[in-house]
Amino acid sequence: MAIAAAVVIVPLGVLFFISGLVINLIQASCFVVVRPLSKSRYRMINRILAELLWLELVWIVDWWAAVKIKVYADPETFNLMGKEHALVIANHRSDIDWLVGWILAQRSGCLGSSLAVMKKSSKLLPVIGWSMWFSEYLFLERSWAKDERTLKSGLQRLSDYPLPFWLALFVEGTRFTQPKLLAAQEYAASAGLPVPRNVLIPRTKGFVTAVSHMRSFVPAIYDATICIPKSSPAPTMLRLFKGQPSVVHVHLKRHEMKDLPENDDAIAQWCRDIFVAKDKLLDKHIAEDTFGEEKLQDIGRPMKSLVVVASWACILILGTMKFLQATALLSSWKGIAISAALMAVVTVLMQILINFSKSERSTAAKVAPAKEKNVNQPTGNGQDKTH
């Protein structure tokens, strides 16, 4: 991390990790004290706590980096967002797709109950991963033999969730890069599948399992197509922390869960067909730089995240001043060394978060050997490295 970038990123990191640890502590206390008495009450409390933490990242997108997210959706889809349980599927185009999802969830009023299927190691991330664990995110190992039972039990636990939630599933299994696209095209050509141009081949086992276990209590699937306009640089966590803007276009389409087939193979084919259509939609966006056929919806830029961050900043500054006055920490070389060490720890933690989000560091889902030429392949678990 460059020194100039660190000057900006470290203060943001201090704010995020200190406030996050406070929230983690409250979450842990509620998990131990409240959840055994009332799971529903615990979830409602945790929803508020998670939102307080996630809003800090929403603030970075909305106010610090001023990323513009343009949403194209029909009125029915847009009006129902946040008013119902939903399974959200999307292509995985950029390093911050998960943050784009949080922005949409925040605008819809369900940020604190937005969930995702993620790689198991994600829950080890300080603050953010711990909060996801308390919030009942589903963590998988990318091995279907191990993950099938975990996924099924996790999905079933959501059946009595007291408030509208979104569960995000990146069914491509990894983030889009050119090397992964070339591998997907080679596999598709050898297996007799439509050759993708802008997406990867979806891994359908996780999606089929999700639909089979959620169709009784989740009324809709939101199909999100994410694209970066040609005129905008691709957003990354490092660009966000530096306050550098980008533009993201999102096309949303709602599908009734009841309209999906009952048969597992047919559900898998439905998912593949959705991604073939998504590929064509992205072709059109690349040509026209817009999802012009659908109405551009105004999602605004609410003040809530700004208020939350300003409040946390005031609390942290006042607390730090009181602490320094009481301890005279910076009056000795030992105190200065301790403070410098803490800043170094925050820098390392922020670097870990930035690196973890990079698409180049994500690994592609395993694909069955091309010689099998089974048109029902691939059938991986649809689990992403980070989301």
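About the thresholds
- Residues numbered from 1 in each chain as written.
- Predicted model: local features only at pLDDT ≥ 70, side-chain atom pairs only at ≥ 80, totals over all residues.
- Heavy atoms only, no water.
- UniProt positions renumbered as here; feature names shortened; annotations may be inferred.
- Buried < 20%, exposed > 50% of the residue type's maximum accessible area, 1.4 Å probe, protein only.
- Helix = DSSP H or I, 4+ residues; strand = E, 2+ residues; numbered from the N terminus.
- Pairing = 2+ DSSP bridges.
- Contact = heavy atoms within 4.5 Å.
- Axes fitted to C-alpha atoms, helices over the stretch in contact; angles between N-to-C directions.
- Parallel < 35°, antiparallel > 145°, perpendicular 65-115°, else oblique.
- Nonpolar A, V, L, I, M, F, W, Y, C, P; charged D, E, K, R; others polar.
- Left-handed = near helix turned anticlockwise from the far one by under 90°.
- pLDDT = per-residue confidence, 0-100.
- Core = buried A, V, L, I, M, F, W, Y, C linked by side-chain atoms within 4.5 Å.
- Phe/Tyr/Trp six-rings, centres within 6.5 Å; stacked < 30°, edge-to-face > 60°.
- Lys NZ or Arg CZ within 6 Å of the ring centre and 35° of its normal.

If you look the protein up in an unreviewed UniProt entry, it shows as 1-acylglycerol-3-phosphate O-acyltransferase from Anisodus acutangulus. Under the UniProt heading Catalytic activity (unreviewed entry), the note attached to the protein is "a 1-acyl-sn-glycero-3-phosphate + an acyl-CoA = a 1,2-diacyl-sn-glycero-3-phosphate + CoA". Under the heading Sequence similarities (unreviewed entry), UniProt records this for the protein: "Belongs to the 1-acyl-sn-glycerol-3-phosphate acyltransferase family."

## Here we look at the pairing of strand β3 (residues 114-119)
One face of the sheet, then the other: side chains in a regular strand alternate in exactly this way. Among the six residues in β3, five count as buried, and that is most of the element. Inspection of the sheet shows β3 paired to strand β5 (residues 166-169) by three bridges, in the parallel sense. Note on β5: the bridge partner recorded for S114 is W166. Bridge analysis of β3 against strand β4 (residues 138-140) gives three bridges, and the strand direction is parallel.

## Remarks on the side chain of K278
Looking at the element boundaries, K278 is found in helix α10 (residues 264-288). Excluding residues that lie within four positions of it along the chain, K278 makes contacts with N91, V199, D223, A224 and T225.

## Description of the packing of helix α2 (residues 39-64) against helix α4 (residues 97-108)
Between α2 and α4, whose axes approach to 10 Å, the crossing angle comes to 105°. When the axis of α2 is compared with that of α4, the two are roughly perpendicular. Here α2 contributes W54, L55, L57, V58, V61 and D62 to the contact with α4, which in turn contributes W98, L99, W102, I103, Q106 and R107. Broken down by class, the residue content of the contact of α2 with α4 amounts to nine nonpolar, one polar and two charged.

## Topic: the packing of helix α6 (residues 144-157) against helix α8 (residues 205-214)
The N-to-C vectors of α6 and α8 enclose an angle of 30°; their axes lie 10 Å apart at closest approach. In this view, α6 runs roughly parallel relative to α8, as classed from their interaxial angle. Where α6 crosses over α8, the two elements pack in a sense that is right-handed. For the pair formed by α6 and α8, the contact residues are W144, L151, K152, L155 and Q156 on the first element and K205, G206, T209, A210, H213 and M214 on the second. Broken down by class, the residue content of the contact of α6 with α8 amounts to five nonpolar, four polar and two charged.

## Observations regarding the environment of I317
As for its position among the elements, I317 is in helix α11 (residues 304-327). Of the residues examined, I317 reaches a relative accessible area of 49% and is grouped as partly exposed. Taking the C-alpha atoms as reference points, I317 and L15, separated by 302 residues in sequence, lie 9.4 Å from one another.

## Here's the deal with the confidence of the model for the protein
In the predicted model, the protein carries a mean pLDDT of 87, and the fraction of residues at 70 or more is 90%. Averaged pLDDT values over the elements of the protein bottom out at 77 in helix α12 (residues 333-357) and peak at 97 in strand β2 (residues 86-90). Confidence drops under pLDDT 50 across residues 360-379; counting only partners more than four residues distant or on other chains, this segment forms 47 contacts. Contacts for the low-pLDDT stretch residues 383-387, under 50 throughout, to residues beyond four places or in other chains number 37 contacts.

## Let's talk about unusual backbone geometry
Trans is the common state for peptide bonds, and a negative phi is the common state for residues other than glycine. For E136, which is not a glycine, the phi torsion comes out positive at approximately 75°. Positionally, E136 belongs in the loop between α5 (128-134) and β4. Here E136 falls in the buried class, since its relative accessible area comes to 12%.

## Observations regarding the nonpolar core
Of all hydrophobic cores here, the largest spans 110 residues; its most connected members are I69, W102, L167 and F207. With 11 residues, α2 is the single largest residue contributor to this core. Not counting residues within four places of it along the chain, the set of residues in contact with W102 comprises W54, L57, L111, S114, I128, M132 and Y137. A188, A191, L193 and I201 belong to the second-largest nonpolar core, a separate cluster that totals nine residues.

## Some details on the packing of aromatic side chains
Taken as a whole, this structure holds 12 aromatic pairs when the rule is applied. Geometrically, the ring pair formed by W133 and F134 is edge-to-face, given 5.3 Å between the ring centres and 75° between the ring planes. Between F207 and W270, the aromatic rings sit 5.8 Å apart at their centres with planes inclined by 0°, giving stacked as the arrangement. Here W270 lies in helix α10 and F207 lies in helix α8, a separation of 63 residues in the sequence. For F207, a relative accessible area of 0% corresponds to the buried category. Members of the aromatic cluster, connected to one another through ring pairs, are F31, Y42, W133 and F134. When the ring centre of F176 is taken as reference, the NZ or CZ atom of R93 above it lies at 4.2 Å. In this structure, K278 packs its charged tip against the face of F275, placed 5.2 Å from the ring centre.

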